[in-house]
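# Descriptive analysis of the structure
So the chains spell out like this:
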Amino acid sequence: MTFAPDLSETLARARADLRMGVPVVLDGAAEAALVLAAETLSAARLAAVQAAGAPVLALTGRRAATLKARAYDGDVARVRLPADAPLSLVQSLADPADDLSAPMKGPLATDRDGSAELHRLALVLAKSARLLPAALVLPLADGAGFAELHRLTRIDAVAAAPHLMTLAELDHVIAAKVPLRAAQNARLHIFRPADGAEEHYAIEIGRPDRDAPVLARLHSACFTGDLLGSLKCDCGPQLNAALAQMGQEGAGVLLYLNQEGRGIGLANKMRAYALQDQGFDTVEANHRLGFEDDERDFRLGAQILEKMRIGSVRLLTNNPAKIDMMQRCGIGVTERVPLRVGENPFNADYLATKAAKSGHLF
């Protein structure tokens, strides 16, 4: 028995480090690197990294396209920085907030030789920490020794790469009765992932018959829409309408998945909103930030349904991607139940973009 953290626990520690601005070490089979999240980088740590070598800024292909930087590795661009690059330059390359007011950030030179595997892994880590997908990467001759000297979290990059693509096991923690306005016979289930990420919830209305398709919805957390009543999206009305329909039918399950902002987190979602105020649509804003159209993982919903012994559903959704993922994970979708509510003048363009670019059905 060892008290040392396993790989999943080490990655959770690394995410926390990056969010606080603390570097981590990625140790691969033939190379190693020091990694710092651009968003939480300090001037002092930038100076220390520059004194130690020649770091590059890893950006996603999406962000690189906005900056007109060559992404020779396809989904990753390794941007060379001037030896005396100030913190303001690193942050402006990572964050598109001033792209329109200060568009001349280049020309940017990018690396094309050597491997980008550690850079790619650094970006996956930054995304999983709900940070901007941009990381300062400094090659190291001895990753293990550097990590031990500076007391930094060291990650086995070879083992971590496939592990980060694997969905963490969810543990059913507790369930209790929570009477709702929409349905007094409701129970709230809490599911906790083994990787230390956010918990997810299932609201069970009545006692759904597991031998028949269950009325179900996969609802992604939306602080602004669900709690504040934002008119920029249709999330709040969809949440309430789904619960109301389940209450009327006497049974159903609503999965509340903590994947705010299509999986990019609330801070990045607000960055996307700020870009929308500059005239970009929701997909364009995500791309300028360095994210894909949708970073959510709907496998979470399938795993929760399996743990609740629900094998088939009537799915309340306008999103074909949810239907596809349920079926690929072995959950039968016998019917798509449309959920068209919450349209208003403030979200008309947003809904049109979802239909045109993300394939939503209305």
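Residues numbered from 1 in each chain as written. Predicted model: local features only at pLDDT ≥ 70, side-chain atom pairs only at ≥ 80, totals over all residues. Heavy atoms only, no water.

### Considering the overall build of the protein chain
A tally of helices and strands in the protein chain yields 15 helices and 13 strands. The principal-axis extents of the C-alpha atoms in the protein chain amount to approximately 65 × 55 × 30 Å. Looking at the 362 residues of the protein chain, the share that counts as buried comes to 49%. When contacts within the protein chain are restricted to residue pairs at least 6 apart in sequence, those whose partners lie at least 24 apart make up 67%. A total accessible area of about 16,800 Å² is found for the protein chain, and carbon and sulfur atoms account for 54% of it. Counting 40 positive and 43 negative side-chain charges, the protein chain places the centres of these two groups 3 Å from one another. (Helix = DSSP H or I, 4+ residues; strand = E, 2+ residues; numbered from the N terminus. Buried < 20%, exposed > 50% of the residue type's maximum accessible area, 1.4 Å probe, protein only. Contact = heavy atoms within 4.5 Å. Areas by Shrake-Rupley, 256 points an atom, 1.4 Å probe, with all protein chains shown as cover. Lys, Arg positive; Asp, Glu negative; His and termini not counted. Charge placed at Lys NZ, Arg CZ, Asp CG, Glu CD.)

### Quick word on the domain arrangement of the protein chain
What the domain assignment lists for the protein chain is domain 1 (7–164) and domain 2 (170–259 + 296–358). Contact with domain 1, which involves four residues of that partner, is made by four residues of domain 2. Summing the contributions of domain 1 and of domain 2, the shared interface buries around 280 Å²; its carbon and sulfur component is 27%. Per-residue buried area on domain 1 facing domain 2 is highest for Ser8, Arg15 and Arg130; these three make up 84% of the total on that side. Put simply, Glu198 and Arg130 hold a salt bridge, and the shortest N to O gap is 3.6 Å. Partitioning the side of domain 1 that touches domain 2 into residue classes produces one nonpolar, one polar and two charged. (Domains from an automatic or database assignment. Buried area = accessible area lost by both parts, 1.4 Å probe. Salt bridge = Lys/Arg side-chain N within 4 Å of Asp/Glu carboxyl O. Nonpolar A, V, L, I, M, F, W, Y, C, P; charged D, E, K, R; others polar.)

### Observations concerning the state of the cysteines
By definition, a disulfide links two cysteine residues through a covalent bond between their sulfur atoms. A full pass over the atoms with the stated rule returns zero disulfides. Free cysteine Cys222: the closest other cysteine sulfur is in Cys233, separated by 3.7 Å. Between Cys233, a cysteine without a disulfide, and Cys235, which holds the nearest cysteine sulfur, the sulfur-to-sulfur distance is 3.6 Å. Using a relative accessible area of 3% as the deciding quantity, one classes Cys233 as buried. (Disulfide = S-S within 2.5 Å.)

### Digging into helix H14 (residues 320–328)
All of the buried residues along H14 are Lys322, Ile323, Met325 and Met326. Close packing links the buried residues of H14 with strand E10 (214–220), helix H13 (299–307), strand E12 (312–316) and strand E13 (332–337). Its side-chain oxygen placed 3.0 Å from the backbone nitrogen of Ala321, Asn319 serves as the N-cap of H14. Backbone geometry just after H14 places Gly330 at a positive phi near 90°. (Polar contact = N/O pair within 3.5 Å; in protein donor to acceptor, adjacent residues only side chain to side chain.)

### Observations concerning the pattern of salt bridges
By the definition in use, this model includes 25 salt bridges. Here Lys105 makes a salt bridge to Asp98, at a shortest N to O gap of 3.1 Å. Its relative accessible area of 13% is what places Lys105 among the buried residues. Two residues, Asp99 and Arg288, come together in a salt bridge whose shortest N-O distance is 3.3 Å. Here Asp99 is found in the loop between helix H4 (87–94) and helix H5 (117–128), whereas its partner Arg288 is found in helix H12 (residues 282–289), with 189 residues between them in sequence. Accessibility classification places Asp99 together with Arg288 in one group, the buried group. Here the salt bridges do not stand alone but share partners, grouping Arg63, Asp98, Asp99, Lys105 and Arg288 into one network.

### Some words on H13
Along H13, the residues classified as buried are Leu300, Gly301, Ala302, Gln303, Ile304 and Leu305. Phi for Arg309, located one or two positions after H13, is positive at around 60°.

### Focus on the nonpolar core
Judged by nonpolar contacts, the single largest core of 28 residues is most densely connected at Leu34, Leu41, Leu57, Leu81, Val90 and Leu136. At the level of secondary structure, the elements contributing two or more residues to this core comprise strand E2 (32–37), helix H2 (43–52), strand E3 (56–60), helix H3 (61–67), strand E4 (76–80), H4 and strand E5 (134–140). The residues contacting Leu57, other than those within four sequence positions of it, are Ala38, Ala77, Arg78, Val79, Leu81, Val90, Leu93, Ala135 and Leu136. Membership of the second largest hydrophobic core comes to 24 residues, among which are Val35, Ala58, Ala135 and Val137. (Core = buried A, V, L, I, M, F, W, Y, C linked by side-chain atoms within 4.5 Å.)

### What about the sheet that holds strand E1 (residues 24–27)?
If you trace the six strands from one edge of the open sheet to the other, you get E4-E3-E5-E2-E1-E6, paired in mixed fashion. Pairing within the sheet leaves two strands with one partner each, and these edge strands are E4 and strand E6 (153–156). Between one strand axis and the next, the sheet turns by 30° as a mean value, whatever way the strands run. As paired elements, E1 and E2 share four bridges and run antiparallel to each other. (Pairing = 2+ DSSP bridges. Axes fitted to C-alpha atoms, helices over the stretch in contact; angles between N-to-C directions.)

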